[in-house]
Amino acid sequence: RYNSVPLGRSGRMGKKRERTDPEKVFANWNKTLGLFERGEYSLAIVRAAVTMELAANIVVRAELVKKRNLPVDFVDSLLKWSNGLSGKFDKLIYPILKGCPNYASFKSLDADWRKTNKERNSVAHSGDFKTKSVAKDILSRARKVVSTMMSDYQPTLKFGKTQSEHRKHHHSQKGKKT
């Protein structure tokens, strides 16, 4: 799919390829790390939660579209309906994976994604500011969640602890199919 976006400062409209879901996850994690490294701890937490939600979308699409052959439009409507991390996990991922081999590994992430979601919501809905230590804990939890989710669905996608480490993973993945 393509979408129109402004190109440069000229204001001309052009066609730009829309990023794939794995590219969105990777780019958002890179942005998360950059925000943390610049001291934007609250925003880093919000972006980490966005990254987890994008990873959850990959899981749901893989399970419902690829494995169960459900229509893409229907699955997209479920993703919108589920709205947020708790909806994606509680209403979609857990019920979909129940009885599957990877169910236990996803359930083991419960405390991590819930803590990340709680901290994200306190920033987004209450205007709270977060300290470096809180952000460091949340980013560690988010990295664990995203890495675990992607290990079954995008196994070549790796996530660094720092922006430079993360970018090295990206450069080592060029040419490899994800």
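Every value quoted in this text rests on a predicted model; they were computed, and no experiment measured them. (Residues numbered from 1 in each chain as written. Predicted model: local features only at pLDDT ≥ 70, side-chain atom pairs only at ≥ 80, totals over all residues. Heavy atoms only, no water.)

This part is about the nonpolar core. Val60, Phe89, Ile93, Phe106, Trp113, Met149 and Met150 are the most contacted members of the largest nonpolar core, which has 43 residues in total. When contributions to this core are tallied by element, the ones reaching two or more residues are helix H1 (21-37), helix H2 (41-67), helix H3 (72-82), helix H4 (85-97) and helix H7 (132-153). Of all the elements, H2 adds the most residues to this core, at 13 residues. In contact with Met150, other than residues within four places in its own chain, are Ala55, Ile58, Val59, Pro155, Leu157 and Phe159. (Core = buried A, V, L, I, M, F, W, Y, C linked by side-chain atoms within 4.5 Å. Buried < 20%, exposed > 50% of the residue type's maximum accessible area, 1.4 Å probe, protein only. Helix = DSSP H or I, 4+ residues; strand = E, 2+ residues; numbered from the N terminus. Contact = heavy atoms within 4.5 Å.)

This next bit is on the packing of aromatic side chains. All chains considered together, the criterion is met by six aromatic pairs. Ring geometry for Phe26 against Phe159: centres 6.4 Å apart, planes inclined by 40°, an arrangement best described as tilted. Of this pair, Phe26 sits in helix H1 while Phe159 sits in the loop between H7 and helix H8 (163-173); the two residues are 133 residues apart in sequence, bridging distant segments of the chain. Taken together, Phe89, Tyr94, Tyr103 and Trp113 form an aromatic cluster joined through their ring pairs. When the ring centre of Trp81 is taken as origin, the NZ or CZ atom of Lys91, which lies over that ring, is 4.8 Å away. When the ring centre of Tyr94 is taken as reference, the NZ or CZ atom of Lys107 above it lies at 4.2 Å. (Phe/Tyr/Trp six-rings, centres within 6.5 Å; stacked < 30°, edge-to-face > 60°. Lys NZ or Arg CZ within 6 Å of the ring centre and 35° of its normal.)

Read these as layout, nothing more, since geometry by itself doesn't imply function.
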